[in-house]
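# Observations on the model geometry
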Amino acid sequence: MNFLMIGDVVGRTGRNALKSHLSEIKRKFEIDFTIVNAENSAAGFGITPKIYEEFISMGVDAVTLGNHSWDKNEIIDYMELNPNHSIIRPLNFLNNSPGRGYKIFDHSNGKKILVCQIHTKLFINLPLNDPFQCLDTEIISLLEAGKADYSFLEVHGEATSEKNGIGQHYDGKFTGIYGTHTHIPTADARVLAKGTAFQTDIGMTGDYESIIGMKKESAIKRMRTGMNSNRLEPADGEATISGIIIKRDIENSSTTIQSILIGGILNREVF
Ligand SMILES: [Fe+2]
Ligand SMILES: [Fe+2]
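Rules of the game
- Residues numbered from 1 in each chain as written.
- Chains lettered and ligands numbered in written order.
- Predicted model: local features only at pLDDT ≥ 70, side-chain atom pairs only at ≥ 80, totals over all residues.
- Helix = DSSP H or I, 4+ residues; strand = E, 2+ residues; numbered from the N terminus.
- Buried ≥ 20, exposed ≤ 12 C-beta atoms within 10 Å, placed from the backbone.
- Contact = placed C-beta atoms within 7 Å.
- Arc of directions from axis to C-beta.
- Pairing = 2+ DSSP bridges.
- Core = buried A, V, L, I, M, F, W, Y, C linked by C-beta atoms within 7 Å.
- Right-handed = clockwise from strand over helix to strand, strands pointing away.

## Digging into the overall build of the protein chain
Within the protein chain, the regular secondary structure consists of six helices and twelve strands. Taken along the three principal axes of its C-alpha coordinates, the protein chain extends 55 × 45 × 35 Å. Counting across all 271 residues of the protein chain, residues that qualify as buried make up 46%. Contacts spanning at least 24 positions in sequence make up 66% of the contacts within the protein chain whose residues lie at least 6 apart.

Now the structure itself:
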């Protein structure tokens, strides 16, 4: 099966890029299942129920979040009222947090696909449970019991070292492990020694003529003055769609990974 993962969609320009190109990308790469990180999809901060439903109507199968999960309050009630939604927040948010940290999807071809998100701890000011312990107790046992045919772990975090630590520690357990959150794609897509496809960070789907998706002027002013009073707004130039495609052939036991950069100033693809 072929899987598409899209990095943090930032604001309207990121959503518009996906709306315009997702079906074409899915067709070109024969994608069977799509995961989109949407923690910045609502004007850079969080997600709303309406935006989630837009993603699903575009052909997205699973939506992941991150440290911005609760920036828009209305998503919390929505997640609690719709137990069957396909929104995944970090597994190691504190106990009793709304929503879920993983979901096992039933594909129309009969295969089961586990999607999980974990949050790292370095340089992150959030109360979090230990990521390794949460994965060991809640996820690894499911995988070892054969509850999923394919499994993906999204590692949301700031430090490349910690993301590599989690990737290498769980190599061989998941079909793919990939990072999100920094909004800058890394050039290290590869299959690890025990067979898991890996990329440290899959970048953002937004306007790269910016500071990680936000308009440059106010972001730089914040850095230079230390003042948080000026509002950060998403940049609105054409977005680059940044992500990865993982192809896994169970019968031949082969896995490949490639990164994609489509549209905007980082464009590498020609349609
Ligand atoms: Fe984040
Ligand atoms: Fe993000």
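Text resumes after the structure shown.
## Quick look at helix H3 (residues 74-81)
The set of residues buried in H3 consists of Ile75, Tyr78 and Met79. Down the axis, H3 shows its buried residues gathered within 95° of arc, on one side only. What points out from H3, more than 90 degrees from its buried face, is the exposed set Asp77, Glu80 and Leu81. Of the surrounding elements, those touching the buried residues of H3 are helix H2 (49-58) and strand S4 (87-88).

## Observations regarding the pairing of strand S12 (residues 254-262)
In the sheet, strand S11 (residues 241-249) pairs with S12 via nine bridges, with the strands oriented antiparallel. Residue pairing across strands places Ser242 opposite Leu261, the latter belonging to S12.

## Overview of the nonpolar core
Ranked by internal contacts, the top residues of the largest apolar core, which has 61 residues, are Val115, Cys116 and Ile244. Counting residues per element, this core draws most heavily on strand S6 (residues 112-119), which supplies five residues. Look past the residues within four positions of Ile244 in its chain and what remains in contact with it is Met5, Tyr178, Ala189, Gln199, Ile202, Ile257, Gln258, Ser259 and Ile260.

## Here we look at the pairing of S6
The buried count for S6 comes to seven of eight residues, which makes it a mostly enclosed element. Looking at chain direction, strand S5 (residues 102-106) and S6 are connected through five bridges and run antiparallel. In the strand pairing of S6, Phe105 is matched with Ile113. The turn linking S5 back onto S6 is made up of five residues, and Gly110 within it adopts a positive phi angle of 95°. The sheet contact formed by S6 and strand S7 (residues 150-156) spans seven bridges and is parallel. By the bridge assignment for S7, Val115 is matched with Phe152. As a crossover connection, the stretch from S6 through helix H4 (residues 131-144) into S7 is right-handed.

## Observations regarding the sheet that holds S12
Pairing is mixed in the open sheet, where six strands are placed in the order S4-S3-S2-S1-S11-S12. One side of each edge strand has no neighbouring strand; the edge strands of this open sheet are S4 and S12. The pairing of strand S1 (residues 2-6) with strand S2 (residues 33-37) spans four bridges and is parallel. Within the sheet, the bridge partner assigned to Phe3 lies in S2 and is Phe33.

## Quick notes on the environment of Ser210
Among the secondary structure elements, Ser210 is positioned in the loop between strand S10 (197-199) and helix H6 (216-225). Taking the C-beta count within 10 Å as the criterion, Ser210 has 23 such neighbours and is therefore assigned buried. With 26 residues separating them in the primary sequence, Ser210 and Asp236 have C-alpha atoms 9.0 Å apart. Aside from chain neighbours lying at most four places away, what touches Ser210 is Lys215, Lys216 and Ala235.

## Side note on the environment of Asp61
Tracing the backbone through its elements, the reader meets Asp61 in the loop between H2 and strand S3 (62-64). C-beta crowding within 10 Å serves as the criterion here: with 20 such atoms nearby, Asp61 is assigned to the buried category. Along the backbone, Asp61 and Ile87 are 26 residues apart, and their C-alpha atoms lie at a distance of 9.4 Å. Once you skip the residues sitting within four places of it in the chain, Asp61 turns out to touch Phe33, Thr34, Ile35, Ser86 and Phe105.

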